[in-house]
Structures are given as structure tokens and as C-alpha cells.
Amino acid sequence: MEVKPIELKHQSKLMNDYRDRKESIYKHFEYDPFQLRSYKSRQNLIIDGQYQREALVEVLKEQNSRWGMNEQVERHIDELLDERTTVVIGGQQTGVLTGPLYTIHKIISIIIQAKEQREHLGCPVVPVFWMAGEDHDFLEVDHIFTYSNQRLNKTRVNDQQPFDYKLPISKRVLSQEEAKQFIDDVFETFQETEHTKSVYQSVQDAVAKSETYVDFFAYLTQQLFALEGLVLVDADDANLRKLERPYFLQMVENRRDLAAQVTKQLNELADDGYHVNLDASLSDAHLFYHYEGERLLLEVTKEGQFQSKGGEVSFSESELKQLVDEHPELFSNNVVTRPLMQELVFPVLSFVGGPGEIAYWAALKGAFKALNLKLPIVTSRLSLTLMKRNHQSLIEHYQMDEEAVINEGSYHFKMNWLTRQSKYPVKETVEEVKKQLEVVHQPLQSIAQGVSSDIEALTKTNLKQIEDEIDYVEKRIMSELNKQHEQTVKQFDELNEFYNPSGGLQERMWNIVYWLNEYGLDLPIQLTEIPPRWEQDHQFITL
């Protein structure tokens, strides 16, 4: 396994500045994640804090025992009883087969940083993954992309429940029949390897043990990271909600200040030149209410009533607080209050997130202060590309640059190669013909200019039509070259689908199961051994 750092060319200004430690973005955070002293400072703050550690341990043990809790996981959970113990935490929606690769990369980042800081601080640091089981957007988690016929194709679970029904993912029952068919559809796209049977059996075992999509995610994740003691938490668990009761009440009581702080900080970020894709206004309650099986976002009217956007429910503040007190399981957090809840429930040393998450965490410093909290260390997860060794050989053979392939794809390399295969300089000839055309066409345009504006426009249209015909001839020539070099063209196209799919990073579209089939079930554990280069944009790993 070889690891090489590369620079990404299309990062947001916010992420570039965050890694470059610029004051314009760092002032929106509390800690420098690249300074070791930040972690000691944060741990000291946590030791002085108040957490429901015993209740949390009880909830975590009950949850993780459902998904095959082993000794390492149980030991990590028990360590949370020690007031010196902190956690490295991150989370994601519970996609089928764990969703896009970046979910696995986030878990790997959490595990690596927890090990790193356990050694640095000389105290227990526990890796925790927060499963957003309360999320209701099923269309984001019901599929993966599979590779067949030289392209990535979306493969979906054929769930019979309506997609637009706002049912939390943790409440969606996993149909055994549909899930097994989905797994078969996925594995049909794989070439059989020495690992296929064991990977297929592991996935089917996870399906057989699961009642919900969250269970499916949890069982599979626990299998993949069994040796690392990764602690999972289902954010939609009723017992966890009971523990969260006083924290929901704080959020209701401080709703105005929370909303004001978020909108204020978003404006400040915009003034500093940072765009954050977060919708927030002074009327936001930043909480969901679960009603008749659906998850409804609450907002506050001018009269101070808490109501759903569709008007299905409406409460006064006192009525809402009574509901929270009696039925905390009917509430869940949105993108703003979820980080606050994580902070209140767990002794968070560091939060690990992707570029989008770090952007909206930049808007939360004031919201944390509204609840007398301090924003934790915010660490950018490791961004990775997995590269097959035969693909590495192709890149070298065609004298391509890995960084360019990951950033821009292989299309321009392919076109340059095809051009070189012709004994005629196609592109150069086309460009020269167009230049000559402009020269010989100019007298017509000059005459037309003296006749009328309509005729002048006609000559310009005529020139454009001729140029389009020349472009068409060029495309036909290149198409014929494509056919003559079909095998090589397929190799270029394959590289593009693996390393720049749809013009983006591999980790946003590919799923881990393809790579497990190629390299075995221990691949995720192997990836936890890569060097923790937190300051790097991206790393590609040749397997």
C-alpha cells in the first residue's frame, strides 16, 4: 500500500483557508486543529465539564449490543465513565452498504485521530460514529453506484414505502426480500475474486440480522471495524432521547439567541467572502417534531407560537416544553442543533467532518456560546482515492499525471493520445482551416456591412455554420480514430470512471463493497494504518 498526497484544484475558499490557517476563517472557530496544544487545552475543559456519563454508558451498551458489541467496543464504552475520557466523533446518514466511500473515510479518520490523541494525551480517547437515524431523506441513502459497461450506474433498493414520506430512516423497516435482491444486483456487477464469497456472506448476514436500515448500516460497519472498538450511536434511539430531555429544553428556552447567533455569524462569514450553504432565519426553531410518523421542522411565528411549516401542529412555548419533558422521543435536531446535542451528550475532544460540514460548523460558534458551550476542535476528515495497481501501471504507461487525473479526469489525455495516433495533425489542421476561413470570408462580411444590418448578420451566421460543419468533420475524424483504437479508449474511459466520476472525487460516488470484493474484508482495517496527514487536501492510495 503506497500513499501519496496531492493538491485538489477545486476546493472551496473556506476549505483552502482553513487548511492554510488563515485568520479570516479561524476567527469563526475556537481551536487550531493542527496544534497539539489545542487537544490538551480541550481535554482540560472537558474534565471540568458536567456529563451524564453513567446514563450515556448504559444507552451505548444497550444500542451496541444489538449490533454485535465485542470486547473492544465494550471496553471503550466503559472508559467513558472516567472523567478524563474524551471522544473523537463524526457522523453520517446511514446509507445502504455504508453509502459513498467518504463515510468509510470519515470513520477511518475518527479511528486514526482517536488513537493519535490517546497516545498524545495519555488518557482514553474513544472513537464514536453518530448515525443520523432521525434523518428522513430516504432518496439520499437508498442506493449506491455500481460499475458495469464502462460506466457507473445507480442501483437502488426497491423499498415499497413512499420516498416522499418523512419517516426517520431508523423507523424504516428493511424488507429482507428486497434487500437480498439489491445485494444480488450489486454483486452481479462484480468480477468473482478470492474474496467474493466471504464478502457476499458478510453482507447477507448483516441483512439477515437487521430490522431497519440503521441496523443494516450498523451491523456491516461493526463487522468492518470490529478490531478498532468503534462505538456506534443511533441518534433516533428513544432511550437516548430521555437522556437528551434537559438539552432539548435548553434549546427551546434559548431559541431566540440561537437563531440570532447563527444568522449573525452567517452574515459575518459572507462579509469575509465565505459562502455557507445553510438556510437559517430568525424564525427558525432548529428542531423537528415527529407527528403521525413524519418529521416536521418547527418554526416560530411573530406571536411566539412553535408550528410546523405546513401548519400540521402548533404549540405555545410552555406547551412545547411540556411535550419535551413528557415525550422527548418526539423531537430531533436539525443541522444546527445536532452539533450542540453531540456536545451536550458526549465529552467531545474533536469533531471530524467533511468540507460541507466544516462550512456550516463555521456558523455555529455563537450558537454554542448561547448554551454556554465552547465549539470543539473541528478536524477535516481524510480525503482519499483508492487506486488499483493495474490502473497505476496504465497511468504510467500513457505518461499521465495522477494528480491531473484525480482533479480533471482522463478525457484530455485520451484526446491528446488519439490525436498523436493520426499521421495528420487533426486539431492543428482544423484550427488553421478556421483561421484561413476567417480571412477568405472577410470580403463578404465587408460587402454585407455596406448593404444592410440584416445581410451583415446573415454573413456572420453563414460563417458560424461553416465553422460548425468543420467541427463536425473533426468529430467524425476523432470518432473513427476512437473505433480504430477501441481497447485503448476503453482504458482511458475506465480510468475516468474510477478516479474522476462525473467530474468529481471517487469517494463521492464509489462504494466500499466493490473494493472489499477486490481486496478483502480487512481493507478498512488496513486503511486505518495510513499516515494521518490532516493538513493535506487529498491522498491517493495504491493498493
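Reading the values: the criteria
Residues numbered from 1 in each chain as written. Predicted model: local features only at pLDDT ≥ 70, side-chain atom pairs only at ≥ 80, totals over all residues. Heavy atoms only, no water. Helix = DSSP H or I, 4+ residues; strand = E, 2+ residues; numbered from the N terminus. Buried < 20%, exposed > 50% of the residue type's maximum accessible area, 1.4 Å probe, protein only. Areas by Shrake-Rupley, 256 points an atom, 1.4 Å probe, with all protein chains shown as cover. Lys, Arg positive; Asp, Glu negative; His and termini not counted. Charge placed at Lys NZ, Arg CZ, Asp CG, Glu CD. Polar contact = N/O pair within 3.5 Å; in protein donor to acceptor, adjacent residues only side chain to side chain. Axes fitted to C-alpha atoms, helices over the stretch in contact; angles between N-to-C directions. Parallel < 35°, antiparallel > 145°, perpendicular 65-115°, else oblique. Left-handed = near helix turned anticlockwise from the far one by under 90°. Contact = heavy atoms within 4.5 Å. Nonpolar A, V, L, I, M, F, W, Y, C, P; charged D, E, K, R; others polar. Pairing = 2+ DSSP bridges. Salt bridge = Lys/Arg side-chain N within 4 Å of Asp/Glu carboxyl O.

Here the focus is the overall build of the protein chain. Assigned secondary structure in the protein chain consists of 23 helices and 15 strands. Judged by the C-alpha coordinates and their principal axes, the protein chain covers about 85 × 60 × 50 Å. Taken across its 543 residues, the protein chain has 55% of its residues classed as buried. For the protein chain, the accessible area works out to roughly 24,300 Å², and carbon and sulfur atoms hold 47% of it. Each charge sign in the protein chain was given a centre, from 58 positive and 87 negative side chains, and these centres are 3 Å apart.

The buried fraction of helix 13 (residues 337-345) is high, at nine of nine residues. All of the buried residues along helix 13 are Thr337, Arg338, Pro339, Leu340, Met341, Gln342, Glu343, Leu344 and Val345.

All right, on to the environment of Ser452 then. Tracing the backbone through its elements, the reader meets Ser452 in the loop between helix 19 (426-451) and helix 20 (453-484). For the pair formed by Ser452 and His538, sequence separation is 86 residues and the distance between their alpha carbons is 58 Å. Among the polar contacts listed, one links the side chain of Ser452 to the backbone nitrogen of Ile455, at a separation of 3.2 Å.

Attention now moves to unusual backbone geometry. The phi angle of most residues is negative, glycine excepted, and most peptide bonds adopt the trans form. Backbone geometry places His286, a non-glycine residue, at a positive phi of 60 degrees. Of the residues examined, His286 reaches a relative accessible area of 3% and is grouped as buried. Backbone geometry at Asn372 places phi at a positive 60 degrees, although glycine is not the residue there. On the secondary structure map, Asn372 appears in the loop between helix 15 (365-370) and strand 13 (377-380). Judged by its relative accessible area of 75%, Asn372 is exposed.

As a further point, take the packing of helix 8 (residues 196-209) against helix 9 (residues 213-224). Contact geometry for helix 8 and helix 9: axes closest at 8 Å, N-to-C directions at 140 degrees. Overall, the two elements helix 8 and helix 9 adopt an arrangement that is oblique. For the element pair helix 8 and helix 9, the recorded crossing hand is right-handed. Residues Ser202, Val203, Ala206, Val207 and Lys209 of helix 8 pack against Phe216, Tyr219, Leu220 and Gln223 of helix 9. Split by residue class, the contact of helix 8 with helix 9 holds six nonpolar, two polar and one charged.

Let's shift gears to the sheet that holds strand 9 (residues 306-308). Taken in spatial order, the five strands of this open sheet run 10-9-8-7-11, and their pairing is antiparallel. At either margin of the open sheet sits one strand with a lone partner, and together these are strand 10 (314-315) and strand 11 (331-333). Here two bridges tie strand 9 to strand 10, and the two strands are oriented antiparallel to one another. Bridge assignment links Gln307 to a residue of strand 10, and that residue is Ser314. Against the sheet, helix 10 (residues 238-253) engages strand 7 (284-291), strand 9 and strand 11, with an angle of about 70 degrees to strand 11. Taken strand by strand, helix 13 contacts strand 7, strand 8 (294-300) and strand 11, and its axis lies near 100 degrees from that of strand 11.

A few words now on the pattern of salt bridges. Counted according to the given criterion, the structure contains 34 salt bridges. A salt bridge links Asp32 to Arg21, with the nearest nitrogen and oxygen atoms 2.6 Å apart. Highlighted residues: Asp32 in the loop between helix 2 (23-26) and helix 3 (36-47) and Arg21 in the loop between helix 1 (13-19) and helix 2, separated in sequence by eleven residues. You can call Asp32 buried: its relative accessible area is 14%. Residue Lys490 pairs with Glu486 through a salt bridge whose shortest N-O separation is 3.8 Å.

Axis separation between helix 16 (residues 389-397) and helix 21 (residues 486-499) bottoms out at 11 Å; the angle between their running directions is 125 degrees. Between helix 16 and helix 21, the angle falls in the class oblique. Crossing geometry of helix 16 relative to helix 21 is assigned as left-handed. In this structure, helix 16 uses His391, Leu394 and Ile395 to contact helix 21, whose residues at the interface are Gln491, Glu494, Leu495, Phe498 and Tyr499. Across the contact of helix 16 with helix 21, the residue classes tally to five nonpolar, two polar and one charged.

Honestly, it's all geometry; don't read function into it.
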